[in-house]
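Chain residues, written in single-letter form:
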Amino acid sequence: MIRALLFDLDGTLLDTSRGIFRTADRTAIAMGLEPCRDYRKYSLFVGPPLHIGFNRVYSLEGKDAERAAVIYKKFYPETGIDEYEYYDGLLEAVKELKRRGYMIAVATLKNEIAARHMISNSLFSPYVDIVHGSDEKERMEKKDIVNECLKSLSLRKEEAVLIGDSPSDAKGAGEAGVSFLAVPWGFGFPDGVSAYNHVNTPEELLDEFKGVSFMEKIETKAAPAAIGPYSQAVKAGSMLFCSGQIPLDPATGELVEGGVKEQAKQVFRNIKAILDEAGTDEKHIVKATVFLKSMDDFASVNEVYAEFFKDSDILPARSAVAVAKLPRDVMVEIEVIAAL
């Protein structure tokens, strides 16, 4: 399920062409070059790191391209950073997508400081959760930026989509392992977007992304299958609620042999498998409830319990109770609640 929309900045979220082209013209003059003036050719400048842009448009190489990039970055705050326009209907679409529960991120190869400045001063600011861009050396690739977004939002790859206006965006999405959605209103698809999964207008984003479900079923074959009217676990917002696990071997469907320690170890193996499937781990468990057939087994189960949580900085809250009987007459059952 898609939970986050990662927007490229230049040519996707904002039409920044005017500021970019003006700054590139000024840089060319400072380098003793004739300004390009051909804005169709200047479209090659938008998207990649600056030294690559100067190579594509002015055929500058090596130190000359690096010098042009340095000059450009000096001029851009004066000439281009606040020179942008909004694409018709996109602001309204992003506002609605945020209301529908999606996390909104900006994933750009533009310098991160400049990108943060632009977003914070734009009308998109209330709807954008994070902004990640390139560092000062501009040696990051699009896949690196996407991965930074996933890390910041605590997302799995299948939970995000990169929305962009160029083949380099599509390439970065593929290398990062996230899905890609092309838009035609930017700079990068002179031959159209038909070769990609795409939308044609900002309004069509609302058809593509109907909303984030508050609840999601978690299911894995690495833990015992639910054998009744319940789920192994359920995501609800940023929390995971795991059903009580008993010492069933998921491979055989049989109870493990041995005493209460062996049963407790299998219970925690089952819990671990469910946490892994949900994209979290034992360090994020906030509450555990231990059900025992006999309180005489508490010390033995507690020993296994302590081993399972040995790497947790904060141990979860816990309840431990003895009950008259447990499913399949097992000796121990444990349920947990975890953060995602």
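Fair warning: this is a prediction, and the values are worked out from it, not measured in the lab.

Visitor: Before we move on, could you go through the sheet that holds strand β3 (residues 130-134) and cite the residues and values that matter?
Guide: The five strands are arranged β3-β2-β1-β4-β5 in an open sheet whose pairing can be described as parallel. Of all strands in the sheet, those bounded by a partner on one side alone are β3 and β5 (179-182). Within the sheet, the average angular offset between the axes of one strand and its neighbour, ignoring direction, is 25°. Helix α6 (residues 112-120) rests against β2 (103-111) and β3 of the sheet, and its axis sits at about 135° to β2.

Visitor: Could you give me a rundown of helix α3 (residues 50-58), with the residues and numbers involved?
Guide: Those residues of α3 that sit buried are L50, H51, G53, F54, V57 and Y58. Projection of α3 onto a plane perpendicular to its axis shows the buried side chains occupying an angular sector of 155°, all on one side. One or two residues past the end of α3 sits S59, with phi positive at roughly 60°.

Visitor: Residue-level account of the pattern of salt bridges, with values.
Guide: This structure, assessed with the given rule, holds 24 salt bridges. When the shortest N-O distance is used, the salt bridge between R26 and E78 registers 3.1 Å. Of the two residues, R26 sits in helix α1 (residues 17-30) while E78 sits in helix α4 (residues 62-79), which places them 52 residues apart along the sequence. Note on R26: relative accessible area 32%, which makes it partly exposed. According to the relative accessible area criterion, E78 is exposed, its value standing at 55%. Taking the shortest distance from any N to any O, the salt bridge between K272 and E282 comes out at 2.9 Å. With a gap of ten residues between them, K272 in helix α10 (residues 260-278) and E282 in the loop between α10 and β9 (285-292) connect regions that are remote in the sequence. Overall, E282 belongs to the buried group, its relative accessible area being 13%. Via salt bridges that share partners, R3, R156, E158, E159 and K235 belong to a single interconnected network.

Visitor: Which residues make up the sheet that holds strand β7 (residues 233-236), and what values do they have?
Guide: Reading across the sheet, the six strands line up as β6-β7-β8-β11-β9-β10 and stay open at both edges, with mixed pairing between neighbours. Strands at the two margins of the open sheet, each flanked by one partner only, are β6 (215-218) and β10 (317-322). Taking each pair of neighbouring strands and ignoring which way they run, the sheet shows an average axis angle of 15°. The pairing of β9 with strand β11 (residues 332-339) spans seven bridges and is antiparallel. Paired with I285 across the two strands is A338, which belongs to β11. Lying on the sheet, helix α11 (residues 298-308) is in contact with β9, β10 and β11; it crosses β9 at an angle near 155°.

Visitor: Quick rundown of the layout of surface pockets? Include the residues and the values.
Guide: Empty space within the second largest pocket amounts to approximately 260 Å³. Forming the walls of the second largest pocket are 16 residues, and the residues nearest its centre are P49, I52, L109, E141 and K142. Only α3, α7 (142-153) and α8 (167-176) provide two or more residues apiece to the lining of the second largest pocket. Sorting elements by how many residues they give to the lining of the second largest pocket places α8 first, with four residues. Considering only residue class, the lining of the second largest pocket consists of five nonpolar, three polar and eight charged.

Visitor: Requested: an account of the packing of aromatic side chains, with residues and values cited.
Guide: In this structure the tally under the stated criterion is 14 aromatic pairs. Where Y305 meets F309, the ring centres are 4.7 Å apart and the plane angle is 45°; that geometry is what we call tilted. Since its relative accessible area comes to 7%, Y305 is described here as buried. By relative accessible area, F309 is classed as buried at 2%.

Visitor: How would you summarise the nonpolar core if you had to cite specific residues and measurements?
Guide: Soluble globular proteins: nonpolar side chains tend toward being buried together. In terms of nonpolar packing, the biggest core is built from 52 residues, with L5, F7, L13, F45, L205 and F209 touching the most fellow members. Among the elements of the structure, β1 (4-7), α1, α3, α4, α5 (90-99), β2, α6 and β4 (160-164) are those that each provide at least two residues to this core. At seven residues, α4 tops the list of elements feeding residues into this core. Membership of the second largest hydrophobic core comes to 27 residues, among which are F268, A273, A278 and V332.

Visitor: Could you give an account of the environment of V161, with specific residues and numbers?
Guide: Position of V161 relative to the elements: it lies in strand β4. Taking the C-alpha atoms as reference points, V161 and G186, 25 residues apart in sequence, are found 18 Å from one another. In this view, V161 contacts I2, A4, L5, L6, S179, F180, L181 and F209; residues no more than four positions away in its chain are not counted.

Visitor: Requested: an account of the pairing of β7, with residues and values cited.
Guide: Bridging between β6 and β7 involves four bridges; their strand directions are antiparallel. From the neighbouring strand, I218 faces β7, where its bridge partner is A233. Where β7 meets strand β8 (residues 239-242), four bridges bridge the pair, whose relative direction is antiparallel. Looking across to β8, one finds that A233 is bridged to C242.

Visitor: Can you tell me about the side chain of E159, naming the residues and giving the values?
Guide: Locating E159 in the fold gives a position in the loop between α7 and β4. Here K235 takes part through its side chain, which lies 3.0 Å from a polar atom of the side chain of E159.

Each value, and the rule that gives it
Residues numbered from 1 in each chain as written. Predicted model: local features only at pLDDT ≥ 70, side-chain atom pairs only at ≥ 80, totals over all residues. Heavy atoms only, no water. Pairing = 2+ DSSP bridges. Helix = DSSP H or I, 4+ residues; strand = E, 2+ residues; numbered from the N terminus. Axes fitted to C-alpha atoms, helices over the stretch in contact; angles between N-to-C directions. Contact = heavy atoms within 4.5 Å. Buried < 20%, exposed > 50% of the residue type's maximum accessible area, 1.4 Å probe, protein only. Arc of directions from axis to C-beta. Salt bridge = Lys/Arg side-chain N within 4 Å of Asp/Glu carboxyl O. 1 Å grid on protein atoms, 1.4 Å probe; cavity = no way out; pocket = protein on both sides within 12 Å on 5 of 7 lines; lining within 4 Å. Points joined across faces, edges and corners; volume = space filled by probe spheres on them. Nonpolar A, V, L, I, M, F, W, Y, C, P; charged D, E, K, R; others polar. Phe/Tyr/Trp six-rings, centres within 6.5 Å; stacked < 30°, edge-to-face > 60°. Core = buried A, V, L, I, M, F, W, Y, C linked by side-chain atoms within 4.5 Å. Polar contact = N/O pair within 3.5 Å; in protein donor to acceptor, adjacent residues only side chain to side chain.

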